[in-house]
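Letter by letter, the chains look like this.
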Amino acid sequence: MGNCISFTALQDWWLKQCFSRAGLKSTTTDLGDGTVMHCWVPKSHKPTKPTMLLIHGIGANAMWQFNEFISPLCSQFNVYVPDLVFFGNSYTTRPDRTEAFQAQCVMRAMETYGVQRMHVVGLSYGGFVAYSIAVQFPGAVDRLVIAAAGVCMEETDLDGGLFQVRSADEAIAILLPQKPEKLRELMQFTFYKPVKILPSCFLNDFIEVMCTEYVQERKELIHALHKDRKLSDLPKITQPTLILWGEHDHVFPLELGNRLKRHLGENAQLVVIKNAGHAINAEKPKEMLKHLKSYLVDPLPQLDSNGRNPKAD
């Protein structure tokens, strides 16, 4: 962009101010094994409030994905928002690219903050990490929210035609856009009603600021996510779980939400958000926030025989 103003960098600066005004501060923790974790944490942790961990998906950083939720959630929770490894200011020199490793890094960071129990919310790729936290650290997770995350997918689903893409490499080209046309394709792919007119200069600016770091490492994260994945290998978790899904999700089709509901049984509640695609946090933030607060603040809902909350339908 030369000497021109970067609107993406300006927006990133503005989001930092929003997080700070909501009562959060930026912290960086060296885990001592070549891994550094960045996290937004409460300026003052209130023991009387429950704790919430928000885990972002692939793309941009945590601020861009959760800004709509921070202020209202911080009024009721001690909110922690990490950048996963190879996003934002988090990175590692270790070769592990699994969601299990991401989960361990997050929990090691939370340990340094003295947090022992929490609600965990995972969005898209963050949902894989959140589920792994619930598996590996069951005593630390009170309730879990999995939002638009195909944790029940299998490697064979690609060949089986469940997805619109035919290979992991084709998905990567869209999910990690390096050209304006691919970023437009990503928006068509993730939004039910995408913005139709976006100048290439803005798209190039966003790619330059947000999409050029750790590209190879992020490719490896996506490959690790689906390689040899089988539903039969996925542990059943015991924590009460809310599953949130966009009705028209093309990244992780709704069938995967139904599959996760069947996998977890009566312990889980599935809520389908109407007229929304994969990016439910951006398209339907108020509705998503309503379900988060209802599930994590109010007493556990009474579920019917199918594990659904009749009041949510």
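Rules used throughout
- Throughout, a residue's number is its position along its own chain's written sequence, starting from 1.
- At least 70 in pLDDT is required for a residue's local features to be given in this predicted model, at least 80 for side-chain atom pairs to be given and counted, and no such filter applies to totals for whole chains, interfaces and linings, which use all residues.
- Remark: hydrogens and water are excluded; side-chain values derive from all non-hydrogen atoms of the structure.
- The secondary structure listing takes helices from DSSP runs of H or I that are at least 4 residues long and strands from runs of E that are at least 2 residues long, numbered from the N terminus.
- Computation of the radius of gyration draws on C-alpha atoms alone. For the globule rule, the value is 2.2 Å times the number of residues to the power 0.38.
- Between buried and exposed lies partly exposed: a residue is buried under 20% and exposed over 50% of the maximum accessible area for its type, with that area taken using a 1.4 Å probe on protein chains only.
- Charge assignment: positive for Lys and Arg, negative for Asp and Glu; neither His nor the chain ends contribute.
- Charge coordinates come from a single atom per side chain, which is NZ of Lys, CZ of Arg, CG of Asp or CD of Glu.
- Each nonpolar core is a collection of buried residues, namely Ala, Val, Leu, Ile, Met, Phe, Trp, Tyr and Cys, held together in the definition by side-chain atoms within 4.5 Å.
- Throughout, a contact is declared for two residues whenever any of their heavy atoms are within 4.5 Å.
- Paired strands, as defined in this entry, are two strands with at least two bridges between them according to DSSP.
- Axes here mean lines fitted to C-alpha atoms, for a helix over just the part in contact, with angles spanning 0 to 180 degrees between N-to-C directions.
- Angles are sorted into four bins: roughly parallel if under 35 degrees, roughly antiparallel if over 145, roughly perpendicular if 65 to 115, and oblique for all others.
- Think of it as three bins: nonpolar holds Ala, Val, Leu, Ile, Met, Phe, Trp, Tyr, Cys and Pro, charged holds Asp, Glu, Lys and Arg, and polar takes everything else, Gly as well.
- Exposure above 30% relative accessible area and the lack of any salt bridge qualify a residue for a patch; like charges then connect within 9 Å, and the nonpolar side chains Val, Leu, Ile, Met, Phe, Trp and Tyr within 5 Å.
- Each accessible area is a Shrake-Rupley result for a 1.4 Å probe, and residues are judged covered by the shown protein chains and nothing else.
- Note on definitions: salt bridges are taken to be side-chain nitrogens of Lys or Arg within 4 Å of carboxyl oxygens of Asp or Glu.
- Helix crossings are classified by the rotation of the near helix relative to the far one: an anticlockwise turn of less than a right angle makes the crossing left-handed, while a clockwise turn makes it right-handed.
- Between rings of Phe, Tyr and Trp, where Trp is taken as its six-membered ring, a pair exists when centres lie within 6.5 Å; planes separated by under 30 degrees are stacked, by over 60 edge-to-face, and by other angles tilted.
- To estimate how far a helix should extend, the number of its residues minus one is multiplied by 1.5 Å.
- Here the arc refers to the directions that run from the helix axis out to each C-beta atom.
- In the analysis that follows, any N or O atom pair within 3.5 Å is treated as a polar contact, provided that within protein one partner can donate a hydrogen and the other can accept it, and provided that, for residues neighboring in sequence, both atoms belong to side chains.

Concerning the overall build of the protein
Right, so step 1: Broken down by element type, the protein carries 12 helices and 9 strands.
Right, so step 2: Its C-alpha radius of gyration of 19 Å places the protein within 12% of the 20 Å reference for a compact globule of 313 residues.
Right, so step 3: Each principal axis of the C-alpha distribution contributes one length, and for the protein these read about 60 × 50 × 35 Å.
Right, so step 4: Expressed as a percentage of its 313 residues, the buried residues of the protein come to 51%.
Right, so step 5: When the 33 positive and 33 negative side-chain charges of the protein are each reduced to one mean point, those points stand 6 Å apart.

Remarks on the nonpolar core
Right, so step 1: Core analysis: the biggest nonpolar cluster contains 63 residues, and L53, V120, Y131, I133 and L144 have the highest contact counts within it.
Right, so step 2: For V120, the contacting residues outside a window of four places in its chain are L53, I55, A130, I133, V141, R143, L144 and V145.

Comments concerning the pairing of strand 6 (residues 118–123)
Right, so step 1: Taking burial as the measure, the 6 residues of strand 6 include 6 buried ones, the bulk of the element.
Right, so step 2: Judged by which residues are buried, strand 6 turns out to be covered on both faces: M118, V120 and G122 on one side and H119, V121 and L123 on the other are all buried.
Right, so step 3: Pairing of strand 3 (residues 51–55) with strand 6, which is carried by 4 bridges, proceeds in the parallel orientation. Bridge pairing in strand 6 links L54 to V121.
Right, so step 4: Pairing of strand 6 with strand 7 (residues 141–147), which is carried by 5 bridges, proceeds in the parallel orientation. If you follow L123 over to strand 7, its bridge partner there is A147.

Remarks on the packing of helix 1 (residues 7–21) against helix 8 (residues 200–210)
Right, so step 1: Interaxial distance between helix 1 and helix 8 falls to 8 Å at its minimum, and their mutual angle equals 60°. Considered as vectors, helix 1 and helix 8 are oriented oblique to each other. Residues F7, T8, A9 and D12 of helix 1 touch helix 8, and the partners they reach there are F202, D205, F206, V209 and M210.
Right, so step 2: Residues of the contact of helix 1 with helix 8, tallied by class, amount to 6 nonpolar, 1 polar and 2 charged.

Things to note about a nonpolar patch on the surface
Right, so step 1: A cluster of nonpolar side chains, namely I5, F7, L10, W13, W14 and F202, defines an oily patch on the protein surface of about 660 Å² accessible area.
Right, so step 2: Summarising the element assignment, W14 is placed in helix 1.

Observations regarding the packing of helix 2 (residues 62–74) against helix 12 (residues 285–297)
Right, so step 1: The contact between helix 2 and helix 12 brings their axes to 10 Å, and the two run at 35°. As helix 2 packs across helix 12, the resulting crossing turns out to be right-handed. Residue-level inspection shows E68, F69, P72 and L73 of helix 2 in contact with helix 12, the latter providing P285, M288, L289, L292 and K293.

Considering the packing of aromatic side chains
Right, so step 1: If you walk through the whole model with that rule in mind, you get 8 aromatic pairs.
Right, so step 2: Ring geometry for F7 against F202: centres 5.4 Å apart, planes inclined by 40°, an arrangement best described as tilted. Taken as a pair, F7 in helix 1 and F202 in helix 8 lie far apart in primary sequence, 195 residues in all.
Right, so step 3: Considering the side-chain rings of F128 and F252, the 5.7 Å spacing of their centres and the 50° angle between planes classify their relative orientation as tilted.

Here we look at helix 12
One turn of the α-helix equals 3.6 residues, which is why residues spaced by three or four share an orientation.
Right, so step 1: Taking 1.5 Å per residue as the helical rise, helix 12 with its 13 residues ought to reach 18 Å, and the 17 Å between its terminal C-alpha atoms agrees with that figure.
Right, so step 2: Of all the residues in helix 12, the buried ones are P285, M288, L289, H291, L292, Y295 and L296. Angular distribution of buried residues about the axis of helix 12 spans 165°; they occupy a single face of the element. Structural note: helix 12 exposes K286 and K290 on the side pointing more than 90 degrees away from its buried face.

Describing the side chain of R97
Right, so step 1: Counting through the fold element by element, R97 comes out in the loop between strand 5 (91–92) and helix 3 (99–112).
Right, so step 2: Relative accessible area serves as the criterion here: at 15%, R97 is assigned to the buried category.
Right, so step 3: Here E220 takes part through its side chain, which lies 2.8 Å from a polar atom of the side chain of R97.
Right, so step 4: For R97, the contacting residues outside a window of four places in its chain are F86, T92, Y125, E217, E220, L221 and A224.

A few points about the pattern of salt bridges
Right, so step 1: Under the definition given, this model contains 10 salt bridges.
Right, so step 2: In this structure, E170 and R166 form a salt bridge, with 3.5 Å as the shortest nitrogen-oxygen distance.
Right, so step 3: Here R166 falls in the exposed class, since its relative accessible area comes to 67%.
Right, so step 4: Connected via shared salt-bridge partners are D157, E255, R259 and R262.

Let's talk about unusual backbone geometry
Right, so step 1: Phi at S124 is positive, roughly 55°, even though this residue is not glycine.
Right, so step 2: With respect to the secondary-structure elements, S124 resides in the loop between strand 6 and helix 4 (125–136).
Right, so step 3: Relative accessible area serves as the criterion here: at 12%, S124 is assigned to the buried category.
Right, so step 4: With a phi close to 55°, Y214 is a non-glycine residue in the positive phi region.
Right, so step 5: The topology assignment puts Y214 in the loop between helix 8 and helix 9 (215–226).

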